[in-house]
Protein chains: 2
Amino acid sequence: MATKKKTRETCEVLCEHPATVRLAKKELIPARQAQQAAELFKVLGDATRVKMLQILAKKELCVCDIAAVIEMSQSAVSHQLRVLRGARLVKYRRDGKMAWYSINDNHVAALLRQGVVHVRHK
Amino acid sequence: MATKKKTRETCEVLCEHPATVRLAKKELIPARQAQQAAELFKVLGDATRVKMLQILAKKELCVCDIAAVIEMSQSAVSHQLRVLRGARLVKYRRDGKMAWYSINDNHVAALLRQGVVHVRHK
DNA sequence: ACTACATATGAGCAGATGTTCATGTATCTT
DNA sequence: AAGATACATGAACATCTGCTCATATGTAGT
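Bear in mind the structure is a predicted one, so any value in this text is a computation, not a measurement.

This part takes up the overall build of chain A. Counting its secondary structure elements, chain A contains 7 helices and 3 strands. In sequence order, the secondary structure elements of chain A are arranged as α-α-α-α-β-α-α-β-β-α. When the 122 residues of chain A are sorted by exposure, 44% land in the buried category. At a minimum sequence separation of 6, the contacts of chain A that also span at least 24 residues come to 51%. Counting only carbon and sulfur atoms, one obtains 51% of the accessible surface of chain A, whose full area is about 7,400 Å².

Next up, the structure:
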């Protein structure tokens, strides 16, 4: 019985290469940075938002026009714009009833473009 | 009664700028490309996978070492490696009992790095 | 052949995500 | 002031995600 449970009792650490692990741990990105990068990518990880960002990278548009272009409801678009705003990927200005959105910086557009290029070449 | 429901009945298309919409639609990325790009970003959109890719970009590692470095269970790591394999972001080779993983191409590493740089500068 | 080891995978579950529907808020028109 | 318009938001819902736990698969050593 004692011999049978050996695997679990001795712990899972058996095949590790300590030197390699130690080195890799040093080179590992800080947890917070990983989390923030992941959150950025997560926002880009939705086809609706990709489309929105892609057209907003070309031109400033109002909510209604965004909805018309990507063929989604105004509500859905508005919800997603909130996500994009939260991630600071877009900026907006109000002009009376309308809200005009555009991409926040070229960095974002570049990242997006690079992703698109990657899937094209695959 | 008929007047009251006007908003819904006439449809949501009232504020659109037809010329702008038509132009933006032409410039809109094809749906499949948007979907594929989103799927790529979605894979990058998880802190565990970001960490894994980041260390695999520096060095080829076996599953057990990856688990030790990022401090997650072997099972969790294995599941995520499956996702990364599915997206062709990593490659692997077997050597006896061990499986050695590394990043698939520099493209992926560059994309990752760009994301990290973006959150650092924010 | 038997046991230990390294990795892969299926089931199950809690939490996150993206849409719709209904409604709220602010602005414009009359 | 009242209604219409443009947008935002809360609730509800179905679906997806990422983990754990248990177990399966394949390899090596004895």
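A separate point is the packing of helix H4 (residues 47-58) of chain B against helix H5 (residues 63-70) of chain B. Residues and elements named next belong to chain B. At a minimum axis distance of 11 Å, the contact between H4 and H5 shows a crossing angle of 120°. One way to sum up the angle between H4 and H5 is to call them oblique. Crossing angle aside, the handedness with which H4 passes H5 is right-handed. Facing H4, whose interface residues are Thr48, Lys51, Met52, Ile55 and Leu56, H5 presents Ile66, Val69 and Ile70.

Bringing the sheet that holds strand S3 (residues 98-103) of chain A into the picture now. All names here are of chain A. Pairing within the open sheet is antiparallel, and its 3 strands lie in the order S1-S3-S2. At either margin of the open sheet sits one strand with a lone partner, and together these are strand S1 (61-62) and strand S2 (90-95). Of the pairings in the sheet, the one linking S1 to S3 comprises 2 bridges and is antiparallel in character. Each bridged residue has a counterpart across the sheet, and for Leu61 the counterpart in S3 is Tyr101.

What follows is about the nonpolar core. In this structure, Ile66 and Leu81 of chain A together with Ile66 and Leu81 of chain B are the most contacted members of the largest nonpolar core, which totals 76 residues. Beyond its immediate chain neighbours, meaning those up to four positions away, Leu81 of chain A contacts Met52, Leu56, Val63, Ile66, Val90 and Tyr101 of chain A.

Moving on: the relation of the copies chain A and chain B. Aligned on chain B, chain A shows an RMSD of 0.0 Å; the corresponding rotation is 180° and the shift along the axis is 0.0 Å. This pairing of chains is accounted for by a two-fold axis. Interface overlap between copies: 100% of the residues of chain A at the interface are likewise at the interface in chain B, consistent with a symmetric, same-surface contact.

This part covers the packing of aromatic side chains. If you walk through the whole model with that rule in mind, you get 3 aromatic pairs over all chains. Ring geometry for Tyr92 of chain B versus Tyr101 of chain B: centroids 5.1 Å apart, planes at 15°, classification stacked. For the cation-ring pair, Arg85 of chain A lies above Tyr92 of chain A, with the distance from its terminal atom to the ring centre recorded as 5.4 Å.

So, on to the pattern of salt bridges. When the charged atoms of two side chains lie near each other, side chains of opposite charge can form a pair. Residues and elements named next belong to chain A. Under the defined criterion, the tally for this structure stands at 4 salt bridges over all chains. Notably, a salt bridge pairs Arg93 with Glu60, separated by 2.8 Å at the nearest N-O pair. One end of the pair, Arg93, is in strand S2; the other, Glu60, is in the loop between helix H4 (47-58) and S1, and 33 residues separate them in sequence. Here Glu60 falls in the partly exposed class, since its relative accessible area comes to 28%.

Tallied over the entire structure, the rule returns 2 disulfides over all chains. Linked covalently through their sulfurs, Cys15 of chain A and Cys64 of chain B form a disulfide whose S-S length is 2.2 Å. Because the torsion about its S-S bond is 130°, the bridge between Cys15 of chain A and Cys64 of chain B counts as right-handed. You can see Cys15 of chain A sitting in the loop between helix H1 (6-9) and helix H2 (18-27) and its partner Cys64 of chain B sitting in helix H5, one on each of two chains.

Now for H5 of chain B. H5 of chain B sits mainly inside the fold: 8 of its 8 residues count as buried. Residues of H5 of chain B that are buried include every one of Val63, Cys64, Asp65, Ile66, Ala67, Ala68, Val69 and Ile70 of chain B, and no others. In this structure, the buried side of H5 of chain B is in contact with H2 of chain A together with H4, strand S1 (61-62), helix H6 (74-86) and strand S3 (98-103) of chain B. Backbone geometry just downstream of H5 of chain B places Glu71 of chain B in the positive-phi region, at approximately 60°.

We now examine the protein's contact with DNA strand C. Neighbouring residues of DNA strand C: 29 residues in total, closest Cys15, Ser75 and Gln80 of chain A together with Ser78 and Tyr101 of chain B. Sugar plus phosphate, as a fraction of atoms of DNA strand C within 4 Å of the protein: 69%. Separating a phosphate oxygen of DNA strand C from a side-chain N or O atom of Gln80 of chain A is a distance of 2.4 Å. Side-chain polar atom of Gln74 of chain B to a base nitrogen of DNA strand C: 3.0 Å apart, as the coordinates give it.

Definitions and cut-offs
- Residues numbered from 1 in each chain as written.
- Chains lettered and ligands numbered in written order.
- Predicted model: local features only at pLDDT ≥ 70, side-chain atom pairs only at ≥ 80, totals over all residues.
- Heavy atoms only, no water.
- Helix = DSSP H or I, 4+ residues; strand = E, 2+ residues; numbered from the N terminus.
- Buried < 20%, exposed > 50% of the residue type's maximum accessible area, 1.4 Å probe, protein only.
- Contact = heavy atoms within 4.5 Å.
- Areas by Shrake-Rupley, 256 points an atom, 1.4 Å probe, with all protein chains shown as cover.
- Axes fitted to C-alpha atoms, helices over the stretch in contact; angles between N-to-C directions.
- Parallel < 35°, antiparallel > 145°, perpendicular 65-115°, else oblique.
- Left-handed = near helix turned anticlockwise from the far one by under 90°.
- Pairing = 2+ DSSP bridges.
- Core = buried A, V, L, I, M, F, W, Y, C linked by side-chain atoms within 4.5 Å.
- Least-squares fit on C-alpha atoms with pLDDT ≥ 70 in both.
- Phe/Tyr/Trp six-rings, centres within 6.5 Å; stacked < 30°, edge-to-face > 60°.
- Lys NZ or Arg CZ within 6 Å of the ring centre and 35° of its normal.
- Salt bridge = Lys/Arg side-chain N within 4 Å of Asp/Glu carboxyl O.
- Disulfide = S-S within 2.5 Å.
- Near = heavy atom within 4 Å.
- Polar contact = N/O pair within 3.5 Å; in protein donor to acceptor, adjacent residues only side chain to side chain.

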